[in-house]
Amino acid sequence: MTVKGRIFSGMQPSGNFHLGNYLGALENWVKLQDQYECFFCIVDWHALTSTFENTEAMPKRTYEMALNWLSAGLDPEKNTIFIQSQVKEHAELHLLLSMMTPLSWLERVPTSKDKLAQLGSQGTDINTHGFLGYPELMTADIALYKADTVPVGIDQLPHLELTREIVRRFNNLYGREVFVEPKEMLSQASLLPGLDGRKMSKSYGNEIPFAASEKEIREKVRQMVTDPQRVRRADVGNPDVCPVFTFHKVFSPAVVVTEIDQECRKAGIGCVDCKKCLADHMVNALAPIHERRIVLEQQPERVHEILAAGAEKARKVADETMRSVREVMHLPN
Ligand code: SF4
């Protein structure tokens, strides 16, 4: 395989992984693993910025996240899959970068202000040193592996720009190109709406869990809203405003999508049948994921072994980078 470059990407372990998250990022990672050398990291320390008061669920969430990734098709033979907190070099580099990052750089990150306001309004006070330093920890994550490419959503671009500035500052200060300036690979946001037509989100209660069984998928699809103007079976519909049709575009073959589009507009198909057709295609499309999950759920020790082996592999690369960092900073190795 000719490798195009090295990727670092991470996800916070959350117990709420849904189909929108899968299609927004994880599905893309599965494609990238055949083109890049990938480091995929469960960033549990990042999760602490908002869950530091309640950490009991962290081991379960971390395990669940690994299960999601592996059942989605991430191959531990091709990628380095690991937990951030098992590679302590992330913390060391975070500390060293925090010494040289101007406070004003961190304070101006627009997404931080938004998140602070959003969680503050929900009663979670995350106005902490750790939260402010979040972009430094993210920089440490990427820089440790000298990743040249980082898949990001458009809202994360300011974070990555800050990463580049910190990396540049470090290299200039210590007179050596220890770190690589990473470039972004813009990921398309998931277009999948929730069951009620709004953005799919656990906080709206409109999500389809990634691990949903066939029965759950069928039940969730049955609950989905349709074109609100189509009240009776004989009314013509407009697929352009119908969430069910958006799902068809993601999960059903092109020929089916065209047929639904035409039939809906002349009331040739009813919403009940249209949803049944969608549920069939979703179950079909997600079957390989569910099959892998069932196998993995029988062998939790295998999941832990994969994470341990990934951490060991990651540690070797991180250790090498940290040796250069300590050397240029005149710190003992
Ligand atoms: Fe939506 Fe399908 Fe009903 Fe048309 S037929 S309104 S696409 S559910």
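What counts, and where the lines are drawn
- Counting starts from 1 at the beginning of each chain's written sequence and moves along it residue by residue.
- In keeping with the model being predicted, local features are shown solely for residues with a pLDDT of at least 70 and side-chain atom pairs are shown and tallied solely at 80 or more, while totals for entire chains, interfaces and linings include all residues.
- Heavy atoms from the whole structure form the basis of all side-chain values; hydrogens and water molecules are not counted.
- Neighbouring residues are identified by heavy atoms, a residue being near a molecule or strand if any of them is within 4 Å of it.
- Buriedness of a pocket was judged along seven lines, with at least five required to meet protein on both sides within 12 Å; pockets are open sets of points on a 1 Å grid over the protein atoms alone, cavities are sets where a 1.4 Å probe fits but cannot get out, and lining residues have an atom within 4 Å of a point.
- What decides whether a molecule sits in a cavity or pocket is whether more than half of its atoms lie within 2 Å of the grid points.
- Under the scheme used here, helices are H or I runs from DSSP no shorter than 4 residues and strands are E runs no shorter than 2 residues, and both carry numbers assigned from the N terminus.
- Residues were grouped as follows: Ala, Val, Leu, Ile, Met, Phe, Trp, Tyr, Cys and Pro as nonpolar; Asp, Glu, Lys and Arg as charged; and all remaining residues, including Gly, as polar.
- Grid points are joined across faces, edges and corners, and a volume is the space filled by probe spheres set on the points.
- Ring pairs are drawn from Phe, Tyr and Trp, using the six-membered ring of Trp, whenever the two centres fall within 6.5 Å, and their geometry is named by plane angle: stacked under 30 degrees, edge-to-face over 60, tilted for the rest.
- By the criterion adopted, a ring carries a charge over it if an Arg CZ or a Lys NZ lies within 6 Å of its centre and within 35 degrees of its normal.
- Every axis corresponds to a line fitted to the C-alpha atoms, with the helix fit spanning only the stretch in contact, and the corresponding angles, defined between N-to-C directions, vary from 0 to 180 degrees.
- Should an angle lie under 35 degrees it is considered roughly parallel, over 145 roughly antiparallel, and from 65 to 115 roughly perpendicular; all remaining angles are considered oblique.
- Residues count as neighbours in contact if any of their non-hydrogen atoms are within 4.5 Å of one another.

Trainee: Would you mind going over the site of the ligand with me for this structure?
Mentor: Around the ligand sit Thr 226, Asp 227, Arg 230, Cys 242, Val 244, Phe 245, Cys 264, Cys 271 and Cys 274, and that is every residue in its neighbourhood. In this structure the site holding the ligand corresponds to the largest cavity. Breaking the shell around the ligand down by element, the ones donating at least two residues are helix 11 (243-251) and helix 13 (271-297). Taken together, the residues of the shell around the ligand break down into six nonpolar, one polar and two charged.

Trainee: What is the right way to read empty space enclosed by the protein from this model?
Mentor: Over the atoms rolls a probe the size of a water molecule, and its path tells where empty space is left. If you walk through the whole model with that rule in mind, you get one cavity of 30 Å³ or more. In this structure, the largest cavity encloses a volume near 110 Å³. For the largest cavity, the lining is made up of 14 residues, of which Arg 230, Cys 242, Cys 264, Cys 271 and Cys 274 are closest to its centre. Of all elements in the fold, only helix 11, helix 12 (254-265) and helix 13 reach the threshold of two or more residues within the lining of the largest cavity.

Trainee: Explanation requested: the packing of aromatic side chains in the structure shown.
Mentor: The geometry of an aromatic ring pair is captured by the separation of the ring centres together with the interplanar angle, meaning the angle of the planes. The final tally for this structure, using the stated rule, is ten aromatic pairs. Arg 169 extends its terminal NZ or CZ atom over the ring of Trp 105, reaching a point 5.7 Å from the ring centre. Over the ring of Tyr 204 we find Arg 198; its NZ or CZ atom is 4.0 Å from the centre of that ring.

Trainee: Even after reading the chapter, I still don't get the packing of helix 2 (residues 44-51) against helix 8 (residues 134-144), so can you show me in this structure?
Mentor: Pairs of packed helices are described in terms of their axes, by the angle between the two and the distance that separates them. Where helix 2 contacts helix 8, the axes come no closer than 10 Å and their chain directions differ by 170°. When the interaxial angle is binned, helix 2 and helix 8 end up roughly antiparallel. From helix 2, Trp 45, His 46 and Thr 49 reach across to helix 8, where they touch Tyr 134, Leu 137, Met 138 and Asp 141.

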